[in-house]
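# Inside the fold
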Amino acid sequence: MSRPTCNHCHYPIKTCVCEAVSKISCQTKVYVMQHPSEVKEAKNTVRLAQLCLPNLEVYIGEEPESFKLIKNLPKENTFLLYPDENAAEIENLNKKSEQKINLIILDGTWKKAYKLKMKNPWLSSFKTLTFANLPENQYIIRKAKRPDSLSSLEAIAYSIEVLENANTQPLYNVLNKMMGSFIKH
Ligand SMILES: [Zn+2]
């Protein structure tokens, strides 16, 4: 028998995070390409981010047909967050103040993200972004051993902070709530 889960956040009732959820209003649109193995991951931070960000869409899959909508996003204002050798630093992105940015995130372990990128060569038609300064890692459950294995939620929060100077505290609040629950139970 499965444990009863909250209808809104989909966490087990005992670890429901809803009381910590508040919405962020921002212009940046986030498109997450999620490896299927992340979906069942209890500590899936994209699911948390989605509770706070109305502008976040998740597409699950590995093959190009799962991501057709992302593939057709305009090249001039859509960026893939991926630290390859050509990646521009997000902190120094020369963007017009009114320009809305679409951000593509590969969600999964570093290895799975790499695999997603290899299986979807069309991604190389988008410019890539990386971080010049890494935000401090608050995510202690899945210990990140490399700077680029920052949780997806933190990568999203930091990107929005830098791109539009938005207050992304709600994202950290819900992350902390989830971490607190996992430590307790
Ligand atoms: Zn809930």
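Fair warning: this is a prediction, and the values are worked out from it, not measured in the lab.

## With respect to the overall build of the protein chain
Secondary structure summary: the protein chain contains 6 helices and 6 strands in total. Seen in sequence order, the protein chain has helices and strands lined up from the N terminus as β-α-α-β-α-β-β-β-α-β-α-α. Counting only residues that meet the buried cut, the protein chain has 43% of its 185 residues in that class. Taking the intrachain contacts of the protein chain between residues at least 6 apart in sequence as the baseline, contacts between residues at least 24 apart amount to 76%. Surface summary for the protein chain: the accessible area is close to 10100 Å², and the carbon and sulfur share equals 50%.

## Quick word on the coordination of the zinc ion
Around the zinc ion, the protein contributes the donor atoms Cys-6 (SG), Cys-9 (SG), Cys-16 (SG) and Cys-18 (SG), at 2.3 to 2.4 Å from the metal centre. Angles of 104 to 115° at the metal separate the 4 donor atoms of the zinc ion, which places the site in the tetrahedral class. Counting along the primary sequence, the residues that act as donors to the zinc ion give the motif C-x2-C-x6-C-x1-C.

## Thoughts on the packing of aromatic side chains
Under the counting rule described, the total for this entry stands at 3 aromatic pairs. Taken together, a centroid distance of 6.0 Å and an interplanar angle of 10° make the contact between Trp-110 and Tyr-114 stacked. Pair noted here: Trp-110 and Tyr-114 are both in helix H4 (residues 110–119), with a separation of 4 residues, about one helical turn. Seen in terms of ring centroids, Trp-122 and Phe-126 are 6.4 Å apart; in terms of plane orientation they differ by 80°. Their pairing is edge-to-face. With a relative accessible area of 5%, Phe-126 lands in the buried category. Lying over the aromatic face of Tyr-11, Arg-47 brings its terminal NZ or CZ to 4.6 Å of the ring centre. When the ring centre of Phe-126 is taken as reference, the NZ or CZ atom of Lys-75 above it lies at 4.3 Å.

Quick notes on the rules
Residues numbered from 1 in each chain as written. Predicted model: local features only at pLDDT ≥ 70, side-chain atom pairs only at ≥ 80, totals over all residues. Heavy atoms only, no water. Helix = DSSP H or I, 4+ residues; strand = E, 2+ residues; numbered from the N terminus. Buried < 20%, exposed > 50% of the residue type's maximum accessible area, 1.4 Å probe, protein only. Contact = heavy atoms within 4.5 Å. Areas by Shrake-Rupley, 256 points an atom, 1.4 Å probe, with all protein chains shown as cover. Donors = N, O, S within 2.8 Å, 3.2 Å for Na, K, Ca; no water. Tetrahedral: all angles 85-135°; square planar, octahedral: opposite > 155°, others 65-115°. Phe/Tyr/Trp six-rings, centres within 6.5 Å; stacked < 30°, edge-to-face > 60°. Lys NZ or Arg CZ within 6 Å of the ring centre and 35° of its normal.

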